[in-house]
Amino acid sequence: SERVRIAALACALVSSCQHPDVADSTLPAVILTQGLSAREDLQEAAWALLSRLRKQAHAQTENANAFFKILLHAVHMVHRDAGVEVARDLSYRLLQHTGVGKLVPVMQVALVSALQAGVQSAVAEESASGFLEALVPWVTKHIVDDALVLELAAWIEAEGLA
């Protein structure tokens, strides 16, 4: 339909835009949620954006942190709107397109930092029941060194969040 074509074009436009007002908005996270779409053109827009953001994330620590913050936000939005199973599916798909094998160290640290933010968010929001389940693929994909995962677990215990 015409609406879907317009949506696909809008997603493609936003995914290619690098203006700070767009980059700092919720639009990139919304575009990434289209990775769950049954429509290939919407998925392609999501993966094109993810690819661009991932390439930028390798350049600087702040870009790596922003990258995983956007991914976390996308998963959080889907969890809030569609539940744990759908959000976990998005997590899995996002991480499939993030990397194969271990991430470079700056990306690993940024991912763990985003996971810490996710844990804090889940604990702070009573309505976030099950959100941590949606983040399981972030740990089980084995793209982060085991030592960092153990540090994350120790941090969770030290914070009394376990």
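Residues numbered from 1 in each chain as written. Predicted model: local features only at pLDDT ≥ 70, side-chain atom pairs only at ≥ 80, totals over all residues. Heavy atoms only, no water.

Charged atoms that come close allow side chains of opposite charge to pair. Under the definition given, this model contains 6 salt bridges. Close ionic contact of R39 with D41 constitutes a salt bridge, the shortest N to O distance being 2.9 Å. Overall, R39 belongs to the partly exposed group, its relative accessible area being 36%. In this structure, R88 and E85 form a salt bridge, with 2.5 Å as the shortest nitrogen-oxygen distance. With a gap of 3 residues between them, R88 and E85 both fall in helix α6 (residues 84–96), about one helical turn apart. Salt bridges here are not isolated pairs; linked through shared partners, they connect E85, R88 and E133. (Salt bridge = Lys/Arg side-chain N within 4 Å of Asp/Glu carboxyl O. Buried < 20%, exposed > 50% of the residue type's maximum accessible area, 1.4 Å probe, protein only. Helix = DSSP H or I, 4+ residues; strand = E, 2+ residues; numbered from the N terminus.)

Another aspect to go through is unusual backbone geometry. The backbone of H142 shows a phi angle near 60 degrees, a positive value even though the residue is not glycine. Mapped onto the fold, H142 is located in the loop between α9 (136–140) and α10 (146–158).

Let us look at helix α5 (residues 61–82). Three- or four-residue spacings in an α-helix give side chains the same orientation, since the helix completes a turn every 3.6 residues. Here α5 is 22 residues long and its end C-alpha atoms lie 31 Å apart, about the 32 Å a rise of 1.5 Å per residue gives. All buried positions along α5 are accounted for by A64, F67, F68, I70, L71, L72, A74, V75, H76, M77, V78 and H79. Packing partners of the buried residues in α5 comprise α3 (27–33), α4 (40–57), α6, α7 (105–124), α8 (131–134) and α9. At the C-terminal side of α5, G83 shows a positive phi close to 100 degrees. (Expected span 1.5 Å × (residues − 1). Contact = heavy atoms within 4.5 Å.)

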